[in-house]
Amino acid sequence: MNRGSVLVVGGGIGGLSTAVALREVGYDVNVVELQEDLHSSVYGVGIIQPVNALRALDAIGCAEACLAVGYSTTAWGQMLDVDGNLIREMPGARIPGSALPPMNGLTRPQLHRILTDRAAEAGVTVEYGKTFTTLTDGPTGVDVAYSDGTRNTVDLVVGADGVHSKVRPHVLSEDLKPVYLGQSAFRLNIPREPEIDRIVLQHGPEGLAGFVPIGPELAYLFYNTTWEEGRWLDQDKMADELRARLAPFGGLTGRVRDKYVDDASQIVFRPEEWLIAPAPWHRGRIVLIGDAVHAVTPHLGQGAAQAIEDGVVLAECLASHGGHEDAFGAYGERRYERCRLIVESSVAIGEYEMDPAAHPDFDHAGLTQHVLESMVRPI
């Protein structure tokens, strides 16, 4: 069954997941990705896959491969004080009737390879080093001009091109921009210490250190800290800066600081931005998914999960509704409140981390557990 043609703009996690989901319900799908080669330049170090992400990946045939190369946990995580003493366990959540674990971690290049291979198997066409230059929506299709000088007309366009989306102005106000939280994050892959068998969070006086297992022998360290917007840090100074900021920590973080924080070239530094766009998330034949409409800070590990869920739900809605307008409307209705909970909860955690004294009654672990339990509900 051929339902029509779809152009997906953006070949990251959300774009590839959506492409596979759309192929499986009968669309011809082409993905264009501006970067020349995401296989070797995937941004970031590792990725958290909460159980709801694994459920969505299972729907497109990718969960088993992720579990095979990653590190699965029996609980979500634990919270420690600055000296390394246990404050609270966070069990996470499971999906009733499912054997999927509360969390799986793997490297971003591994996930990209799994999604790329699955897309090829499903018959998705992916073109790198290419994007659109114009989109002209019409009554019978969207006329697309591309950066390589070619053009064609497709039935639908999906904007999966991230927080600074070029597709978004075709759907929503050009004034809609992501908001900088006031925090930025250092990340570094490290050998997995024995106690990193789940997410480990350690609160410090000026930020939060954390650890995520992403393989049998591999984990990553992250450190969220208040950071002036626009302040640039030279790459060769990353290790010195991170060690200085981790100086107050004992326990696991102190040990990792002293053993592994030495190669500045391996540290990734990223500002934390958020966005929750007003509904509807479509106009005419163009629809948005992922960070283009709900950019999530990393505090709950749900950014990629929500983008993958978007793709699964969008495909379901297009397969079960007679026209794209009704399908896009149903997709937005199913996704908006769920994504808003994630965005707003993540922002609240970040604000607490930046100034705990201003939020004396804030329950970091409790909010995390509430969100995780909410995410196992059907999408």
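Residues numbered from 1 in each chain as written. Predicted model: local features only at pLDDT ≥ 70, side-chain atom pairs only at ≥ 80, totals over all residues. Heavy atoms only, no water.

Caption draft 1: Highlighting the overall build of the chain. When helices and strands are tallied, the chain shows 11 helices and 19 strands. In summary, the chain has a C-alpha radius of gyration of 21 Å against a globular reference of 21 Å for 379 residues, a match within 12%. Counting only C-alpha atoms and orienting by the principal axes, one finds that the chain spans roughly 65 × 45 × 40 Å. Sorting the 379 residues of the chain into buried and exposed places 56% on the buried side. Within the chain, contacts between residues at least 6 apart in sequence are counted, and of these 72% link residues at least 24 apart. (Helix = DSSP H or I, 4+ residues; strand = E, 2+ residues; numbered from the N terminus. Rg over C-alpha atoms; globule rule 2.2 N^0.38 Å. Buried < 20%, exposed > 50% of the residue type's maximum accessible area, 1.4 Å probe, protein only. Contact = heavy atoms within 4.5 Å.)

Caption draft 2: Layout of the sheet that holds strand 19 (residues 286–288). Strand order across the open sheet formed by six strands is 8-2-1-12-19-18, with mixed pairing between neighbours. The sheet is open, and its two edges are formed by strand 8 (125–128) and strand 18 (282–283), each paired on a single side. Relative to strand 19, strand 12 (residues 156–159) runs parallel, the two being bridged by three bridges. Its bridge partner being in strand 19, Gly159 is matched across the sheet by Leu288. Relative to strand 19, helix 10 (residues 324–354) is tilted by about 10°, and along the sheet it contacts strand 12, strand 18 and strand 19. (Pairing = 2+ DSSP bridges. Axes fitted to C-alpha atoms, helices over the stretch in contact; angles between N-to-C directions.)

Caption draft 3: Expanded view of the pattern of salt bridges. In the structure shown here, the tally under the stated rule is 23 salt bridges. The residue Asp143 makes a salt bridge to Arg151 at a minimum N-O spacing of 2.5 Å. The partner of Arg335 in a salt bridge is Glu309, and the shortest N-O contact between them spans 2.9 Å. With Arg335 in helix 10 and Glu309 in helix 9 (residues 303–320), the pair connects residues that are 26 residues apart, well separated along the chain. Taken together, the shared-partner salt bridges connect Glu193, Glu195, Arg255 and Lys259 into one network. (Salt bridge = Lys/Arg side-chain N within 4 Å of Asp/Glu carboxyl O.)

Caption draft 4: Looking closely at the packing of aromatic side chains. Tallied over the entire structure, the rule returns eight aromatic pairs. Between the aromatic rings of Phe186 and Phe269, the centroid separation amounts to 4.8 Å while the plane-to-plane angle is 55°, which identifies the pairing as tilted. In this pair, Phe186 is assigned in strand 13 (residues 179–191) and Phe269 in strand 17 (residues 268–274), connecting sequence segments 83 residues apart. Looking at Phe186, the relative accessible area reads 1%, which means it is buried. Measuring from centroid to centroid gives 6.0 Å for Trp281 and Tyr336, while their planes differ by 55°, and the two rings are tilted. Pair noted here: Trp281 is in the loop between strand 17 and strand 18 and Tyr336 is in helix 10, with a separation of 55 residues, a long-range link. Note on Tyr336: relative accessible area 21%, which makes it partly exposed. An aromatic cluster of three or more residues is present, and its members are Phe186, Trp227 and Phe269. The lysine or arginine in question, Lys130, covers the ring of Tyr146, its NZ or CZ lying 4.5 Å from the ring centre. (Phe/Tyr/Trp six-rings, centres within 6.5 Å; stacked < 30°, edge-to-face > 60°. Lys NZ or Arg CZ within 6 Å of the ring centre and 35° of its normal.)

Caption draft 5: Quick look at the sheet that holds strand 7 (residues 103–107). On the basis of which strands lie adjacent, the open sheet formed by three strands has the order 3-7-4 and antiparallel pairing. The open sheet has two edge strands with one neighbour each: strand 3 (46–50) and strand 4 (71–73). Within this sheet the neighbouring strands show an average axis-to-axis angle of 20°, counted without direction. Strand contacts of helix 5 (residues 108–122): strand 3 and strand 7, with the helix running at about 95° to strand 7, the strand carrying the most contacts.

Caption draft 6: Empty space enclosed by the protein, seen in detail. Considering all chains together, one arrives at one cavity of 30 Å³ or more under this definition. Size it by volume and the largest cavity reaches roughly 50 Å³. Residue lining of the largest cavity: Pro50, Val51, Asn52, Trp76, Gly92, Ala93, Pro102, Gln302, Leu372 and Met375, and that is the complete set. Mapped by element, the contributors of at least two residues to the lining of the largest cavity are helix 3 (51–59) and helix 11 (364–375). Considering only residue class, the lining of the largest cavity consists of seven nonpolar, three polar and no charged. (1 Å grid on protein atoms, 1.4 Å probe; cavity = no way out; pocket = protein on both sides within 12 Å on 5 of 7 lines; lining within 4 Å. Points joined across faces, edges and corners; volume = space filled by probe spheres on them. Nonpolar A, V, L, I, M, F, W, Y, C, P; charged D, E, K, R; others polar.)

Caption draft 7: Region of interest: the side chain of Gln49. By the secondary structure assignment, Gln49 is in strand 3. Apart from the residues lying within four places of it in its own chain, the contact partners of Gln49 are Leu54, Leu57, Cys66, Pro102, Met103, Asn104, Leu106 and Leu111.

Caption draft 8: Inspection of the packing of helix 3 against helix 9 at higher detail. It is at 9 Å that the axes of helix 3 and helix 9 come closest, and there the two elements cross at 35°. As for the relative orientation of helix 3 and helix 9, their crossing is left-handed in sense. For the pair helix 3 and helix 9, contact is made by Asn52, Ala53, Arg55, Ala56, Leu57 and Ala59 and by Ala305, Gln306, Ile308, Glu309 and Val312, respectively. For the contact of helix 3 with helix 9, the residue count by class is seven nonpolar, two polar and two charged. (Left-handed = near helix turned anticlockwise from the far one by under 90°.)

Caption draft 9: Structural context of the pairing of strand 16 (residues 218–226). Burial analysis of strand 16 places seven of its nine residues in the buried class, which makes it a mostly covered element. Across nine bridges, the pairing between strand 13 and strand 16 is antiparallel. Residue pairing in the sheet places Arg187 in a bridge with Phe222 of strand 16. Linking strand 15 (residues 207–215) back to strand 16 in an antiparallel pair, the connection comprises two residues.

Caption draft 10: Seen up close, helix 5. With 15 residues, helix 5 extends 21 Å between its outermost C-alpha atoms, agreeing within 8% with the 21 Å of an ideal straight helix rising 1.5 Å per residue. Gly123 sits one or two residues past helix 5 and shows a positive phi near 95°. (Expected span 1.5 Å × (residues − 1).)

So yeah, pure geometry; function would need other evidence.
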